[in-house]
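Fold and geometry: a report
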Amino acid sequence: MQTPFLMLSTIAWRNLWRNYRRTLIMLLAISVGVWAMIWMTALMRGMVDQMIKGSINNLLGHIQIHAPAYRDDPSIVNSIEPPGPELTDSLNRPLIKAWTSRIRVPAVISSERESRGVTLVGIDPAVEAALSFLSESITQGSNLASADAPGVVIGRKLAERLETRLGKRIVLVSQDSDNTVVDRGFRITGIFEAELQATELAYAFVGRNRAQEFLNMADQVSEISLISDDYRNLTHLLENIQATAPDLEVISWDQVDPYTGSMLAVMDGFILVWIIVVFLALSFGLINTLAMAVFERKRELGLLQALGMQPGYILLQVLIESVILLLLGLLAGNLLAWLSIVPIQDGIDLSAIGEGLELAGMSSILYPVVEFSDIARANLVVIVLGILASLLPALRAARHVPVDAITRP
């Protein structure tokens, strides 16, 4: 003897394939809907993830440490001392992948023909390679050899605007610690190309020790920047560093760049809304399929009730049909999504609209990002809302009066 659930599952499976065309059409609709959910989520997640990682890689880091007034007035006046033993120990924790101290002050860069405002960044190139884009972006010349290197590295677009080139001398002008205007000549030893032209125009990189000497800063720095394993979960790390450096401002990347930070929150909400909207469109087809199946089997269901089947079993049978339909559609949809995302893991070239993407802070190559949480969320929404949507035809089937169901057409 079969258990009631196994018996009802067998009947439900056979009922689905009585009208196989309708079942196949509904399976196709669910599969395409699930594929659309995961596919579009992967593209949107990739877009936002790329914007965030691009910003983090663009000298933002995961956490920054400054003087309290530095963000309002990024000048030498608001510099900080290099990290002491206690802060250094905190920065060398296993949770932190890399950290560095930088000089970052406003400056003017001048060539023989043009001048332009830039941000002068003094770096230690040996450590900076793990935190920012610079080391991988040099296309002409070479990167700075050390924190004492005498040259300067600028962006390709900036070199074009200044009408200068590799090997030529430029002059950097800024204010030193005594608020005196100082200038010094540097030879261009490297030119970098970034994903965004705005980045190429924004920065001039010199050795950190050279910058300190040039600006009469002694061993002070403008900021300390670090990266961890996950840019999303920084609360515990922030609290630990703040406890170590209570007199300094310790802030996460989304506080430094609130626009990019808000994009992450909006993205998470939009993904859920997108999944629900797609399924609402699917739910009408699901309800119609189950309702027609119930209508066609009206006499059969009435006869089952007359033979003693409880209404609860009839309701369960229709729900099982719905779950089987949803599971088959989910399986096909997930497989289709995987097959369509794997071939484009190396990125989608959007250079045809590259200028528009740059205005939004995106590069011209879009890399889809698939997270297990997004797939689980899509599958869970389909199952839960699918069962809720199938309750209407299931309740209708369970409420049939046996005599009416058998005698009336």
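Structural data are supplied above this passage.
The following paragraphs examine the structure supplied in this document. (Residues numbered from 1 in each chain as written. Predicted model: local features only at pLDDT ≥ 70, side-chain atom pairs only at ≥ 80, totals over all residues. Heavy atoms only, no water.)

1. Observations concerning the pattern of salt bridges
Taken as a whole and judged by the stated rule, the model has 14 salt bridges. Where Arg71 meets Glu249, a salt bridge forms, and the shortest distance between an N and an O atom there is 3.2 Å. Note that Arg71 is positioned in the loop between strand 1 (63-66) and helix 3 (85-91) and Glu249 in strand 10 (residues 249-252), a separation of 178 residues in sequence. Between Arg208 and Asp124 there is a salt bridge, with the nearest N and O atoms lying 3.9 Å from each other. Taken as a pair, Arg208 in helix 8 (residues 208-214) and Asp124 in the loop between strand 3 (115-123) and helix 4 (125-128) lie far apart in primary sequence, 84 residues in all. Note on Arg208: relative accessible area 15%, which makes it buried. Several salt bridges share partner residues, and in doing so they unite Arg156, Lys157, Glu160, Glu193 and Glu200 into one network. (Salt bridge = Lys/Arg side-chain N within 4 Å of Asp/Glu carboxyl O. Helix = DSSP H or I, 4+ residues; strand = E, 2+ residues; numbered from the N terminus. Buried < 20%, exposed > 50% of the residue type's maximum accessible area, 1.4 Å probe, protein only.)

2. Observations regarding the nonpolar core
Within the largest apolar cluster, 84 residues are counted, with the highest numbers of intra-cluster contacts made by Ile109, Ile154, Leu172, Leu215 and Ile241. No other element matches helix 2 (residues 20-60), which puts 14 residues into this core. Residue contacts for Leu172: discarding those within four places in its chain leaves Val108, Ile109, Leu120, Val182, Asp183, Arg184, Phe186, Ala204, Val206 and Phe214. Judged by nonpolar contacts, the second largest core, of 12 residues, contains Val121, Leu134, Ala194 and Tyr203. (Core = buried A, V, L, I, M, F, W, Y, C linked by side-chain atoms within 4.5 Å. Contact = heavy atoms within 4.5 Å.)

3. Description of helix 9 (residues 235-244)
Where helix 9 is concerned, the buried positions are Leu237, Leu238, Ile241 and Thr244. Angular distribution of buried residues about the axis of helix 9 spans 125 degrees; they occupy a single face of the element. Exposed positions of helix 9 whose direction lies more than 90 degrees from the buried face are Thr235, His236 and Ala243. Buried residues along helix 9 sit in contact with strand 1, helix 3, strand 2 (96-110), strand 9 (223-228) and strand 10. (Arc of directions from axis to C-beta.)

4. Brief notes about the pairing of strand 1
Burial along strand 1 is two-sided: Ile63 and Ile65 facing one way and Gln64 and His66 facing the other are all buried. Pairing of strand 1 with strand 9 involves three bridges; the strand directions are antiparallel. The partner of Ile65 across the bridge, within strand 9, is Ile224. As paired elements, strand 1 and strand 10 share four bridges and run antiparallel to each other. (Pairing = 2+ DSSP bridges.)

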